[in-house]
Amino acid sequence: MSVTTDSVTQPHQPSPKNVQKTFWTDSQGDAQLDALAALNDCSQGALLRSLVDQAFTEQFDDLEPAHIEHNQVSVEDLQALANGELTVEELDLTTNTSEPVTEYEPDSYYLTVTPDDLAEPGSELDWETLRDAVKNPEEGGYWNDELEIHESRVDETTLKASYRPAARILTGVARSNAYKNGIVPQATIDDLVDEYCLHLTNRVMDDEQERGKAHIRETYTTLITDHLYENPSPVANSYFCTRTQRTKRLQAEVNTAHRLAQQADTITDFETWKLDEEERKREREQTRDTSESDAGGEVTRDQWFYDLHHWVTEILQAKYIGRTYAMELRRDAYDIPTPDTDDTADWNADNVGKSAPGANDDDTPATAFDALHEHLRTARTAFGTLPTEVKAEVLEDIDDALLAAARFD
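Source: prediction; values computed, not measured.

J.: A description of the packing of helix H12 (residues 301–324) against helix H15 (residues 388–397) should follow, citing residues and the corresponding values.
T.: The interhelical angle for the contact between H12 and H15, taken along N-to-C directions, is 65 degrees, at an axis separation of 10 Å. Comparing the axis directions of H12 and H15 gives the class roughly perpendicular. H15 is crossed by H12, and the crossing has right-handed handedness. Here H12 contributes Trp-304, Phe-305, Leu-308, His-309 and Val-312 to the contact with H15, which in turn contributes Val-390, Glu-393, Val-394, Leu-395 and Asp-397. Counted by class, the contact of H12 with H15 contains 7 nonpolar, 1 polar and 2 charged residues.

Next up, the structure:
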């Protein structure tokens, strides 16, 4: 049953009644009730009784309504039953309570909307309800990194020119439209601003509408992205919903740098790479049906160049991320992979006279930032041993934006 809400409040203690109790405040609620009554071929009163019975059973199950009528159950008892903190058998139903449900007078006479309600499809909510929902918890709202708002809850003209609540509401809608890995593309944010904010330009003169729209787009895009966490990748134009999701992405890049360092001696020498690739090919053949053939054919320099190009691309991405997110990599907690001790003899020339990280606990890099850059130094030094013409050919094929962002040298 849909109810028009006027404000969002946390549970309150009983307080004096000071407003008129109202269930339906617009024609939409009446129409919904008419439709449900017609569907069930009953009166509106019978429908409401049925819905109340279902809701009561779901919340309180074995509790007899008679005990409420006789003032033997308090509001606190109901809350404890609903939260699973108390059972009906544990209630004292032999004496009257000092705060019976029948005398409870709530501060709000509108159905409270919850974070779960906001995240699910439902009827549109008014500005006041949404504004109050995105307030900070200490102010009675639900705002945090996890709050989602389903797009059906917000009409195209609901938002008002109040920066903080409007941006938070749209951020909640953006999170609701995020991919499974918690990523929100920039295009999603652009679409939301165009759909929900451009009506705010109506306050400017007609000849300034385009300039007003540009201002709205710039302003609200910035406000929304300030609540999200930019994807570290230099080739991605997207955001993570939470800091935890971005931290996982940074951890993946630290692990990637470790892998790049381990591949350095193999990938930068065609003959060594070819032997390894042929060995991997034989292993693949042993795991497939003997009637199948290896579609890859003979290992070629073109295949090596493809792998080499991909390897260098990952170095550039990791270098950019390591520099851009240096503070986070130094301060946050990460797993710090180190080169295998068997690889100590292969440690690059920049570390002559030092033990390879991982050889003992004292040599473990202090932070993820240190680990990432030590591994990248190994990889970049190995790249420097390639013939000049090979290096030039690889770098020529790298995306210009990525090459400029990472400033590879």
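Moving on from the model shown.
J.: Any chance you could break down the packing of helix H10 (residues 243–267) against helix H14 (residues 368–383) for me, citing the residues and the numbers?
T.: The geometry of H10 relative to H14 is characterised by a closest axis approach of 8 Å and an angle of 30 degrees between their N-to-C directions. Classified by the angle their axes make, H10 and H14 are roughly parallel. When the axes of H10 and H14 are compared, the crossing they make is left-handed. Listed contacts from H14 to Glu-253, Val-254, Ala-257, His-258, Leu-260, Ala-261 and Ala-264 of H10 are Ala-368, Leu-372, His-375, Leu-376, Thr-378, Ala-379 and Ala-382. Residue classes in the contact of H10 with H14 are distributed as 10 nonpolar, 3 polar and 1 charged.

J.: With reference to specific residues and values, describe the nonpolar core.
T.: Membership of the largest hydrophobic core comes to 35 residues, with the highest contact counts inside it found for Trp-304, Leu-308, Trp-311, Val-312, Leu-329, Leu-376 and Val-394. Of all elements in the fold, only H10, helix H11 (270–286), H12, helix H13 (326–331), H14, H15 and helix H16 (400–406) reach the threshold of two or more residues within this core. Broken down by element, the residue count for this core peaks at 9 residues, all from H12. Apart from the residues within four sequence positions on either side, Val-312 is in contact with Phe-383, Val-394, Leu-395 and Ile-398.

J.: Tell me what's going on with H11, and back it up with residues and numbers.
T.: Under the 1.5 Å per step criterion, the end-to-end length of H11 is 24 Å for 17 residues, consistent within 8% with the ideal 24 Å. Every buried residue belonging to H11 is among Phe-270, Trp-273, Glu-277 and Lys-281, and all of these are buried. All buried residues of H11 lie within an arc of 75 degrees about the axis, which places them on one face of the element. Counted as exposed and oriented over 90 degrees from the buried face of H11: Leu-275 and Gln-286. Structurally, H11 contributes buried residues whose contacts are with H10 and H12.

J.: If you had to explain the sheet that holds strand E1 (residues 183–185) to someone new, which residues and values would you point to?
T.: Ordered in space as E1-E3-E2, the 3 strands form an open sheet in which the pairing is antiparallel. Two strands bound the open sheet, and with one partner strand each, they are E1 and strand E2 (229–230). The strands touched by helix H8 (residues 186–196) within the sheet are E1 and strand E3 (238–240), with E1 carrying the most contacts at an inclination of about 60 degrees.

J.: Any chance you could break down the side chain of Arg-168 for me, citing the residues and the numbers?
T.: With respect to the helices, strands and loops of the structure, Arg-168 is situated in helix H7 (residues 163–176). This buried residue, Arg-168, is left without a salt bridge; Glu-139 holds the nearest opposite charge, at 5.7 Å. Aside from chain neighbours lying at most four places away, what touches Arg-168 is Val-134, Lys-135, Asn-136, Trp-143 and His-227.

J.: Describe a negative patch on the surface, and please don't skip the residues or the numbers.
T.: A contiguous patch of negative charge on the surface is contributed by Glu-124, Glu-151, Glu-156, Asp-190, Asp-191 and Glu-195. Looking at where Glu-156 falls in the secondary structure, it is placed in the loop between helix H6 (127–133) and H7.

J.: Can you tell me about the confidence of the model for the protein, naming the residues and giving the values?
T.: Averaged over all residues, the pLDDT of the protein is 81; the fraction at 70 or higher stands at 81%. Across residues 1–26 the pLDDT falls below 50, and counting only partners more than four positions away or on other chains, this stretch makes 63 contacts in the model.

J.: Kindly report on the packing of aromatic side chains, identifying the contributing residues and their values.
T.: Applying the stated criterion across every chain, the model contains 4 aromatic pairs. Ring geometry for Tyr-163 against Tyr-220: centres 5.6 Å apart, planes inclined by 85 degrees, an arrangement best described as edge-to-face. Here the residue Tyr-163 occupies a position in helix H7, and Tyr-220 occupies one in helix H9 (residues 209–225), the gap between them amounting to 57 residues. Residue class for Tyr-163 comes out partly exposed when judged on its relative accessible area of 43%. Members of the aromatic cluster, connected to one another through ring pairs, are Phe-270, Trp-273 and Trp-304. Here the guanidinium or amino end of Arg-301 rests over the ring plane of Phe-270, the centre of that ring lying 4.7 Å away. The ring of Phe-369 has Arg-330 lying over it, and the distance from NZ or CZ to the ring centre is 3.8 Å.

Calculation criteria
- Residues numbered from 1 in each chain as written.
- Predicted model: local features only at pLDDT ≥ 70, side-chain atom pairs only at ≥ 80, totals over all residues.
- Heavy atoms only, no water.
- Axes fitted to C-alpha atoms, helices over the stretch in contact; angles between N-to-C directions.
- Helix = DSSP H or I, 4+ residues; strand = E, 2+ residues; numbered from the N terminus.
- Parallel < 35°, antiparallel > 145°, perpendicular 65-115°, else oblique.
- Left-handed = near helix turned anticlockwise from the far one by under 90°.
- Contact = heavy atoms within 4.5 Å.
- Nonpolar A, V, L, I, M, F, W, Y, C, P; charged D, E, K, R; others polar.
- Core = buried A, V, L, I, M, F, W, Y, C linked by side-chain atoms within 4.5 Å.
- Buried < 20%, exposed > 50% of the residue type's maximum accessible area, 1.4 Å probe, protein only.
- Expected span 1.5 Å × (residues − 1).
- Arc of directions from axis to C-beta.
- Pairing = 2+ DSSP bridges.
- Lys, Arg positive; Asp, Glu negative; His and termini not counted.
- Salt bridge = Lys/Arg side-chain N within 4 Å of Asp/Glu carboxyl O.
- Patch = residues over 30% accessible without salt bridge, like charges linked within 9 Å, V, L, I, M, F, W, Y side chains within 5 Å.
- Areas by Shrake-Rupley, 256 points an atom, 1.4 Å probe, with all protein chains shown as cover.
- Charge placed at Lys NZ, Arg CZ, Asp CG, Glu CD.
- pLDDT = per-residue confidence, 0-100.
- Phe/Tyr/Trp six-rings, centres within 6.5 Å; stacked < 30°, edge-to-face > 60°.
- Lys NZ or Arg CZ within 6 Å of the ring centre and 35° of its normal.

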